[in-house]
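Below, each chain spelled out in residue letters.
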Amino acid sequence: MQRSLTGIKPSNAPHLGNYLGAIRPALRLAQEYESFLFIADYHALTTLRDREAMRAYTYDVAATWLACGLDPAKIHLYRQSDVTEVFELTWVLACLIATGQLERGVSYKDALAKGEAPNAGIFNYPVLMAADILLYDADVVPVGRDQLQHLEVARDVAARVNHVFGEGLLVVPEARITEAPLVPGLDGQKMSKSKGNSIPLFAPQKTLRKTVMQIVTGSDPLEAAVEARGSTVYELYQLVASEEQCRMMQESLRRPDYGWGHAKQALFEALEAELGPRREVYDALRGDEAKLEALLAEGAARVRPIARATIARVREAIGMRSRP
Ligand code: ADP
Ligand code: TRP
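Here the structure is a predicted model, which is why all the values come from computation and not from measurement. Throughout this description, residue numbers start from 1 for each chain and increase along the sequence as written. Chains carry letters from A onward and ligands carry numbers from 1 onward, assigned in written order. Only residues with pLDDT of 70 or above have their local features reported here, since the model is predicted, and side-chain atom pairs are shown and tallied only from 80 upward, although totals for entire chains, interfaces and linings are computed over all residues. Hydrogens and water are ignored here; the side-chain numbers use all heavy atoms of the structure.

Draft legend 1. Quick peek at the overall build of the protein. Put simply, DSSP H or I for four residues or longer makes a helix, DSSP E for two residues or longer makes a strand, and each gets a number counted from the N terminus. Looking only at helices and strands, one finds 14 helices and five strands in the protein. Across its three principal axes, the protein shows a C-alpha extent of roughly 80 × 45 × 40 Å. Only protein chains enter the accessibility calculation, which uses a 1.4 Å probe. A residue is then buried if its area is under 20% of the maximum for its type, exposed if over 50%, and partly exposed in between. For the protein, the proportion of its 324 residues judged to be buried stands at 49%. Any two residues whose heavy atoms approach within 4.5 Å are treated as being in contact. Of all intrachain contacts in the protein linking residues separated by at least 6 positions in sequence, the fraction that spans at least 24 positions is 78%. Computed by Shrake-Rupley with a 1.4 Å probe, the accessible areas treat only the displayed protein chains as cover when residues are assessed. Here the protein has roughly 15900 Å² of accessible surface; of this, 52% comes from carbon and sulfur atoms. The charged-residue count follows a simple rule in which Lys and Arg add positive charge and Asp and Glu add negative charge, with His and chain termini not counted at all. To locate a charge, take atom NZ for lysine, CZ for arginine, CG for aspartate or CD for glutamate. The distance from the centre of the 38 positive side-chain charges to the centre of the 41 negative ones in the protein is 2 Å.

Draft legend 2. Summary view of helix α10 (residues 205–213). Leu 208, Thr 211 and Val 212 are the residues of α10 that are buried. Down the axis of α10, the buried side of the element spans an arc of 100 degrees, and every buried residue falls inside it. Projecting away from the buried face of α10 at angles above 90 degrees are the exposed residues Lys 206 and Lys 210. On the buried face of α10, the contacting elements are α13 (260–286). Summarising the geometry, the arc corresponds to the directions from the helix axis toward the C-beta atoms.

Draft legend 3. Main features of the pattern of salt bridges. Take a side-chain nitrogen of Lys or Arg and a carboxyl oxygen of Asp or Glu: if they are within 4 Å of each other, that pair is a salt bridge. Taken as a whole, this structure holds 18 salt bridges when the rule is applied. Across the pair Arg 55 and Glu 289 runs a salt bridge whose closest N-O atoms are separated by 3.3 Å. With Arg 55 in helix α3 (residues 51–67) and Glu 289 in helix α14 (residues 289–318), the pair connects residues that are 234 residues apart, well separated along the chain. In this structure Arg 55 comes out as partly exposed when scored by relative accessible area, which is 39%. Residue Asp 71 is joined to Lys 74 by a salt bridge in which the shortest nitrogen-to-oxygen separation is 4.0 Å.

Draft legend 4. Seen up close, the environment of Pro 10. As for its position among the elements, Pro 10 is in the loop between β1 (3–8) and α1 (16–30). A residue is classified by how much of its surface remains accessible, and Pro 10, at 0% relative accessible area, is buried. Residues Pro 10 and Leu 48, spaced 38 residues apart in sequence, show a C-alpha to C-alpha distance of 9.2 Å.

Draft legend 5. Quick peek at a nonpolar patch on the surface. Like charges are joined within 9 Å and nonpolar side chains (Val, Leu, Ile, Met, Phe, Trp, Tyr) within 5 Å, but only among residues with over 30% relative accessible area and no salt bridge; these make up the patches. The grouping of Tyr 42, Leu 45 and Phe 87 at the surface amounts to a nonpolar patch, some 250 Å² of accessible area in total. Its place among the elements puts Leu 45 in the loop between α2 (41–44) and α3. According to the relative accessible area criterion, Leu 45 is partly exposed, its value standing at 39%.

Draft legend 6. The environment of Pro 221, seen in detail. With respect to the helices and strands, the residue Pro 221 is situated in the loop between α10 and α11 (232–240). Judged by its relative accessible area of 47%, Pro 221 is partly exposed. Taking the C-alpha atoms as reference, Pro 221 lies 53 Å from Ala 117; in sequence the two are 104 residues apart.

Any functional reading would require information that these geometric values do not contain.
Below, the structure written as structure tokens:
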């Protein structure tokens, strides 16, 4: 079975856009592969300088994925920082990556363009990411388009290592661009935590309803026949409701006794049907950090032998003694 691997930065508590745009499709795809899913906490350190936030977001992300259906017996769920072998490979790769390639990195260039003084972690971000991938012999890496450049670095350096130290030493990974639906936020723009337009994934039921009611719609009077398509309410509804339900909403909105308020209520109910049971699991898990720690530790223990085998192979190939 081919291996698929992807990392998630623990930089916020997940919202509905993350769920519909990333988590749900990733879990569907994961069924076709031996899947590795890790929390990229050392990547988050490039911007996150708050001990409590680091801890909380790490648990938020782990509990979210588990509540959304990640079966830890089938998918390797672990924390990047728990498998320290990644740093050994990071150094080896750093010695084979030209600084010029890192200077062309989009995040690094963006930071410079904004007049910031980027730290060396941001500069070296793609090196650590390449190590994340190559350490586990991943065949495919499902990522959003914004991560393509990082994937190119991983592919280039894998090919270079193979060329210099022996073909077949590292698996050259392939990017699998995830064409997830673009989930609109309350204002119709792309839902994003930084835009303040997001619907939190596991907020209490009451808060979820209140947030859904804030979705911006036209100010058509109730009697007016309105077109569902193109509205934020309907776009979100389509992502969680059945075809039959969608057709009904389209028809209902043309009736004089059915308006946006009713449509929002229907959306809330469809969201609640999808998220309600998951929220219960989330709350139970999130309230049990010892259990989350145990699950993450188990995940790390399962993948560590793979990491060790790669390091042993690489050390041998570069002319270092294989550690006893
Ligand atoms: P944010 O934009 O809120 O900061 P992130 O950049 O942390 O979210 O995104 C994490 C994952 O969720 C990525 O795979 C990203 O593509 C996906 N994602 C985030 N927002 C949306 C959205 N509005 N629609 C679809 N996918 C999204
Ligand atoms: N850089 C990725 C992001 O910001 C997270 C990440 C870290 C990652 N290491 C990875 C993704 C390895 C895929 C493979 O979303």
